Amino acid sequence: MGTGWSVLVTVHLAHRRGHFKGWRGDIGVDTTSVPVWHRPPGERSGLGSVEITAGWHYSGGSEEGVFGYSVTLLVAASRRHPQGHAQVGPRVSAHPQFALGLVLDTPGKRIRPNAIHALTPFGFPTGILAADRAYTDQTTPHFSQPARCLGHQLVLDYKKDHRGVQGTHHGALLVDGSLACPHMSAALARATAGLDDKAVREIGANPQLGDRIAAREAFFLKLKQSPDQRGAVRLQCPAAAPSPSVTCPRFNQVHHIAAPRPAVVDLTNPRATAAHTAAKPTVPIPQTERLRPPPKDKLSRICQQPTITVHPGDLGQLDKYRQDRHYLHPSWHDAYQPIRANTEGINGRAKGHRIDIADPRKRLAHGRVAQTILLALMICTINLEALSTSQNATGQTTTVRAELDETSEVTGHTPGPVTANGLPPPRPAVNSTNA
């Protein structure tokens, strides 16, 4: 059987026992190094390595490489709130820390396609897919486009040079992965431009940055229709009814929106006060346009019509930056941080002292195929340990016979009888001459 089965069989067993109840399909994807026992190629001697398919794996920000392979791991994760919430709350589900799939490859080769390959054979619910900067700065057809076509919502991080205004689409600004009003002020649009990773992580220590991130919310295009089977979404101008978040003179002129009549507002009612036109930010339209409005056909598409449809890949090379949570907004933190914590947690478990996939002495075989098989068995063992820990914590018990029945449903093989010690009897030897 393939190595994918050895990992997925534990996932199916946990799913059948109800350990994934409430899991919404949130997944973390990451690539980590797996060193090999054999020496790397010698620069001075000019000799190659016995491990001819291995290479140098460089982690983000590290100048020292690890000679071996890169393994792409998928991790079952969970956001704190189903839709994202400004306040920290309990996670949606309390499933075990599980690896859902893996692909081992030469470092630097097919990193993004390997993640898509591992995602494809699932059959589980699709939710948020969180990835670090290594997956963001790649071509659209390799990661973001196929991930959206599979039904996943992307939550991403960016490198320093990629933060801020990333481009335009039908006149709308692409600001940190979200499409926004073309006339969002430069102070808001470029609030994160040039920020280093430390400043992003410590956003709470910068009240001015936090205020600008919050002020951006009103100018982002609003989700009018969730992704369909093809991954296409329908987005709406922030000034469009029924719940406009900004006041836009251009929108009112193009769509012939009459000025609102004066009305009495109960200032003690926060909801009524926030809904009033005077409480909403005004889009800063140029003064020349106020005096001489341009013809409708001369405006950008997002200003000509209230809604636009965005399909996977519509933004071309910019589509790799597009994501489904507003960057650094509380809803982004409530999704990205817990999922990344789950991912780093299973990396720590995999490289802990009990299994330790980082110890090359436990994988002495040559070649990528042999290394993949050994690594898959190690990850399978990690999943079984996590399942046992979760079972002990929840008090759930499952008989050996039930486990074998579940395994037969996953693999298509009928288990043999169970002996008194709870183990199946050994199979009779097969004569090689008759095989």
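These notes cover the structure that comes with them. Being a predicted model, the structure only gives us computed values, none of them experimental.

## What to know about the nonpolar core
Among the nonpolar cores identified, the biggest contains 32 residues, and L179, L221, L235, V310 and L328 are the most heavily contacted of them. Elements with a minimum of two residues in this core: β5 (128-131), β8 (172-175), α7 (207-216), β11 (233-236), α11 (301-304), β12 (307-310) and α12 (330-350). Leaving out residues up to four positions away in the same chain, L179 has contacts with H169, A172, L173, L174, F220, L221, L235, V310 and L315. Ranked by size, the runner-up nonpolar core spans 26 residues in total, among them V29, L119, L154 and A386.

## A look at the sheet that holds β11
The strands making up a sheet are joined through hydrogen bonds of the backbone, oriented either antiparallel or parallel. The three strands are arranged β10-β11-β12 in an open sheet whose pairing can be described as antiparallel. In the strand order of this sheet, the two ends are held by β10 (222-225) and β12, each with one partner. Averaged over neighbouring strand pairs, the angle between their axes works out to 40° when direction is ignored. Strand direction decides the pairing type here: β10 and β11, joined by three bridges, are antiparallel.

## Let's talk about the pattern of salt bridges
Scanning the model with the defined rule gives 15 salt bridges in all. One salt bridge connects E344 with R340, and the closest N-O pair in it is separated by 3.1 Å. Of this pair, E344 and R340 both sit in helix α12, separated by four residues, roughly a single helical turn. E344 sits in the partly exposed class, given a relative accessible area of 43%. A salt bridge links R354 to E385; the shortest N-O distance between them is 3.4 Å. With R354 in the loop between α12 and α13 (368-394) and E385 in helix α13, this pair connects stretches of sequence that are 31 residues apart. With relative accessibility at 60%, the residue R354 sits in the exposed group. When salt bridges with common partners are traced through the structure, they connect R133, D157, R163 and D197 into a single cluster.

## Section: helix α2 (residues 111-119)
With respect to burial, α2 is a largely interior element, seven of its nine residues being buried. Among the residues of α2, those classed as buried are I111, R112, N114, A115, I116, A118 and L119. Taken together, the buried residues of α2 touch β1 (27-35), β3 (66-76), β4 (99-105), β5, α3 (133-136) and α4 (144-149).

Rules used throughout
Residues numbered from 1 in each chain as written. Predicted model: local features only at pLDDT ≥ 70, side-chain atom pairs only at ≥ 80, totals over all residues. Heavy atoms only, no water. Core = buried A, V, L, I, M, F, W, Y, C linked by side-chain atoms within 4.5 Å. Buried < 20%, exposed > 50% of the residue type's maximum accessible area, 1.4 Å probe, protein only. Helix = DSSP H or I, 4+ residues; strand = E, 2+ residues; numbered from the N terminus. Contact = heavy atoms within 4.5 Å. Pairing = 2+ DSSP bridges. Axes fitted to C-alpha atoms, helices over the stretch in contact; angles between N-to-C directions. Salt bridge = Lys/Arg side-chain N within 4 Å of Asp/Glu carboxyl O.

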